[in-house]
Amino acid sequence: MAQQQYTPDQADWSTFATKPFEGGTNTGHDPDGVGWISAADWEAAKWDGTVYNPSKMTQQEFAEAICPSVDRIRGIREVFYQHNPFADNRNPTKAEVDEWHRIALNHVRALIGYTTADRQAEKDHCMFARALWGDERKFTTAWDSEYPGTTGSAYGPCQGSTNAHCGATFIPDAADQAPYLPDGHAACSTQQGAEGVFSGPKSNIPWSIKWSRGLCNTLLAEGFWGGHTGPYFHRQRFGFSFWDPDPSNNNNNAILRAKWTGNLMPNLYCNPSEPDCDPDNTGPSSSSPSPSPSPSPSPSPSPSPSPSPSPSPSPSSTATVLSMHSLLTVLALIVVLLL
């Protein structure tokens, strides 16, 4: 059964189709096609069904449990081949990649026991479109003449601005939205939600694992209770946009702009830094959990500095890349606004 496409046709993924194969390191976009991850590394990242309780673990322990390295989310290889989301592992469609990201997000939630229907991430056409509009506003001038504004603001324009979230609230009018949405879809509008901008993914990483650095870097830098981590585990609906800011560079970072909306589910794990946290009586299996409230990020975040592109991944660097990224400022901020 063909999957429905959520990433708009206007998203330019041409370099994401070619860069992973330049140099011959990778043979496909599937996990086994990733040339710098060995079979032994994948074996070490298998999931045995253990539900990880972040209330009982240090920040480092939890990050390494979920992400043995920034390119290996625990159990993700087995989940990929269970679903076989790409009909052609060398040339997945946008619809297939969109569906894979839904599957992968819900696997991450399963690692901490979030498996009920109300905890499942869902794709949302407006979130995918709005993530792309944000990137188009941030990285191009395509919308600037028709939609003037304050340069560097959340609405844009954005040229010359260092605000990572420039474009976050930009929404074109209904007529300009229509080509980006399915026929008959209602126009998108502002709504309560969140946005994260992550610079960890690389333009030359295959699609099965391209998104994972956005999560894994953030987990290591902030832990489970960080304001940037919450939507990965607790928001109902999502949309991703991947942008290649330097198509001529095969070693550059690709920007992941993630949009989140819908229900914000409560965090069922108590924060061990809180005096009343009982790690043995928390989580989805607890009879009387004492959930921690989800963090409330600042509605007006300061822009994050853009880190220098990291070197191309290789077998020798994979084992250490997780610890190296703990020293970096993750280009990821959550904006809780009428987005």
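Since we're looking at a predicted model, the values are computed, not measured. (Residues numbered from 1 in each chain as written. Predicted model: local features only at pLDDT ≥ 70, side-chain atom pairs only at ≥ 80, totals over all residues. Heavy atoms only, no water.)

**Some details on the pairing of strand S4 (residues 255–264)**
(1) Moving on: Here S4 lies mainly inside the structure; seven of its ten residues are buried.
(2) Moving on: Of the strand pairs in this sheet, strand S2 (residues 192–198) and S4 are connected by six bridges, and their pairing is antiparallel. What sits directly across from Val197, in S4, is Arg257.
(3) Moving on: Of the strand pairs in this sheet, strand S3 (residues 235–243) and S4 are connected by eight bridges, and their pairing is antiparallel. Bridging from a neighbouring strand, Phe238 pairs with Trp260 of S4. (Buried < 20%, exposed > 50% of the residue type's maximum accessible area, 1.4 Å probe, protein only. Helix = DSSP H or I, 4+ residues; strand = E, 2+ residues; numbered from the N terminus. Pairing = 2+ DSSP bridges.)

**Re helix H5 (residues 94–110)**
(1) Moving on: Compared with an ideal rise of 1.5 Å per residue, which puts 17 residues at 24 Å, H5 spans 24 Å between its outermost C-alpha atoms and is within 8% of the ideal.
(2) Moving on: Here H5 lies mainly inside the structure; 16 of its 17 residues are buried. (Expected span 1.5 Å × (residues − 1).)

**Focus: helix H6 (residues 125–139)**
(1) Moving on: Between the first and last C-alpha of H6 there are 21 Å, a value that for 15 residues agrees with the 21 Å anticipated at 1.5 Å per step.
(2) Moving on: Counted residue by residue, H6 has 14 buried out of 15 residues, so it is predominantly covered.

**A look at the state of the cysteines**
Here, the word disulfide means a covalent bond between the sulfur atoms of two cysteines.
(1) Moving on: Inspection of every chain in the model, using the stated rule, returns four disulfides.
(2) Moving on: Through a disulfide, Cys158 is tied to Cys166; the S-S separation comes to 2.1 Å. Every disulfide takes its handedness from the sign of the S-S torsion; for Cys158 and Cys166 that torsion is -95 degrees, giving left-handed.
(3) Moving on: Residue classification places Cys158 among the buried positions, given a relative accessible area of 2%.
(4) Moving on: We classify Cys166 as buried; its relative accessible area is 0%.
(5) Moving on: Each disulfide pairs two cysteine sulfurs, and for Cys270 the partner residue is Cys277, the sulfurs being separated by 2.0 Å. An S-S torsion of about 60 degrees defines the bridge between Cys270 and Cys277 as right-handed. Side by side, Cys270 and Cys277 carry an identical accessibility label, which is buried.
(6) Moving on: The disulfide pattern of the protein chain is 1-6, 2-5, 3-4, 7-8 when the bonded cysteines are numbered in sequence order. (Disulfide = S-S within 2.5 Å.)

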